[in-house]
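Descriptive structure summary
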Amino acid sequence: MKKSEHGNSDRRKKICLVLAACWMSVIFAFSARNADLSTQDSMSIGILFGRLVVPSFAGMDSDMQVSFADMVDHPIRKMAHATEYAVLGFLLVGSYADRRKKWGRMIGIPILAGSLYAVSDELHQLFVPGRSCELTDMLIDSSGVVIGTFAGLFLFVYWAGRKQRRRK
């Protein structure tokens, strides 16, 4: 590997580490919102989702729109959990992985770090009014970390290596 390739990898790692720390702060801020605010957030997303995917949504009365938003609230919340942690897994692997490391470490360390953060985030919610610590959320969060980690590995290690092999 040429010196410039190490430099690009090191730069990417630093940027991803800073972004991962910022993203952890975003996750913490969402988790610090009390139950009423969190419900308002997901209901707003449910209304937006209805407007985007249900052709007759605009013609519904407000009670039916709210009922729809309530119906999709649970899946939206769980998808939000998985997505926010997939982003974290992606950033964590970006801050750690390179072709010089063993695959087990490139996969294991970001997954472990992201999953431990998921556990700490759920424990944090024990102290937020109206929120709770849910084992299923920890599992969904950790699954998101795994998905993001593998997506990041594909991009940062496999794809980058593929591009370098083509240049030779």
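To start, this report covers the structure provided alongside it.

Nonpolar side chains collect at one region of the surface, where Ile 45, Leu 48, Phe 49, Leu 52 and Val 53 lie side by side and expose about 470 Å² of accessible area between them. If you trace the backbone, Leu 52 turns up in helix H2 (residues 35–53).

The next point concerns the nonpolar core. Core analysis: the largest hydrophobic core is formed by 10 residues, namely Ala 20, Ile 27, Tyr 85, Leu 88, Leu 91, Leu 92, Ile 111, Tyr 117, Ala 118 and Val 145. Counting only elements with at least two residues in this core, the list comes to helix H1 (3–31), helix H3 (62–96) and helix H4 (103–125). At 4 residues, H3 tops the list of elements feeding residues into this core. In this structure Tyr 85 touches Ile 27, Gly 114, Tyr 117, Ala 118, Asp 121, Asp 141, Gly 144 and Val 145, once residues within four positions along its chain are discounted. Listed in part, the 9 residues of the second largest apolar core include Ile 47, Phe 57, Met 60 and Phe 68.

This part covers the packing of aromatic side chains. Under the criterion given, the structure shown has 4 aromatic pairs. Ring geometry for Phe 90 and Phe 156: centres 5.0 Å apart, planes at 45 degrees, overall tilted. A residue pair is termed long-range when its members are at least 10 positions apart, and Phe 90 in helix H3 and Phe 156 in helix H5 (residues 135–167) qualify at 66 residues. On the basis of relative accessibility, which here comes to 26%, the residue Phe 90 falls in the partly exposed class. Classification of Phe 156 as buried rests on a relative accessible area of 14%. Pairwise contacts between aromatic rings join Phe 49, Phe 57 and Phe 68 into one cluster.

We now examine the packing of H3 against H4. Contact geometry of H3 with H4 gives a least axis separation of 9 Å together with a crossing angle of 140 degrees. Looking at the two axes, H3 sits oblique to H4. Classified by chirality, the crossing of H4 by H3 is right-handed. Residues His 81, Tyr 85, Leu 88, Leu 92, Val 93 and Tyr 96 of H3 pack against Arg 105, Met 106, Ile 109, Pro 110, Ala 113, Gly 114, Tyr 117, Ala 118, Asp 121 and Glu 122 of H4. Residue composition of the contact of H3 with H4, by class: 11 nonpolar, 2 polar and 3 charged.

Attention shifts here to the pattern of salt bridges. In the structure shown here, the tally under the stated rule is 3 salt bridges. Between Arg 33 and Asp 41 there is a salt bridge; the shortest N-O distance is 2.8 Å. By relative accessible area, Asp 41 is classed as partly exposed at 29%. Arg 77 is paired through a salt bridge with Asp 73; the nearest N and O atoms lie 3.1 Å apart. With a gap of 4 residues between them, Arg 77 and Asp 73 both fall in helix H3, about one helical turn apart. Among the residues examined, Arg 77 registers a relative accessible area of 23% and is labelled partly exposed.

Reading guide: rules and limits
Sequence order as written defines the numbering, with residues in each chain counted from 1. At least 70 in pLDDT is required for a residue's local features to be given in this predicted model, at least 80 for side-chain atom pairs to be given and counted, and no such filter applies to totals for whole chains, interfaces and linings, which use all residues. For the side-chain quantities, the full set of heavy atoms in the structure was used; hydrogens and water were omitted. Patch members must show over 30% relative accessible area and no salt bridge, and they are joined within 9 Å when carrying like charges or within 5 Å when they are nonpolar side chains of Val, Leu, Ile, Met, Phe, Trp or Tyr. The method behind every accessible area is Shrake-Rupley, applied with a 1.4 Å probe, and residues are considered shielded solely by the protein chains displayed. The salt bridge criterion pairs a side-chain nitrogen of Lys or Arg with a carboxyl oxygen of Asp or Glu, the two atoms within 4 Å. Runs of H or I in DSSP of at least four residues are treated as helices and runs of E of at least two as strands, each being numbered from the N terminus. Throughout, nonpolar core names a set of buried Ala, Val, Leu, Ile, Met, Phe, Trp, Tyr and Cys residues whose side chains join them through atoms within 4.5 Å. Under the scheme applied here, a residue whose accessible area is under 20% of the maximum for its type counts as buried, over 50% as exposed, and between as partly exposed, the area being computed with a 1.4 Å probe on protein chains only. Contacts were defined at the residue level, with two residues in contact if any of their heavy atoms lie within 4.5 Å. Centres within 6.5 Å are what make two rings of Phe, Tyr or Trp a pair, Trp counting through its six-membered ring; a difference in plane orientation under 30 degrees is then read as stacked, over 60 as edge-to-face, and the rest as tilted. The axes used here are C-alpha line fits, helices contributing only the stretch in contact, and every angle between their N-to-C directions lies in the interval 0 to 180 degrees. To sort the angles, those under 35 degrees are grouped as roughly parallel, those over 145 as roughly antiparallel, those from 65 to 115 as roughly perpendicular, and the leftovers as oblique. Working rule for handedness: look at the near helix, and if it is turned counterclockwise from the far one by less than a right angle, call the crossing left-handed; if clockwise, right-handed. Polar here means any residue other than Ala, Val, Leu, Ile, Met, Phe, Trp, Tyr, Cys and Pro, which are nonpolar, and Asp, Glu, Lys and Arg, which are charged; Gly is therefore polar.

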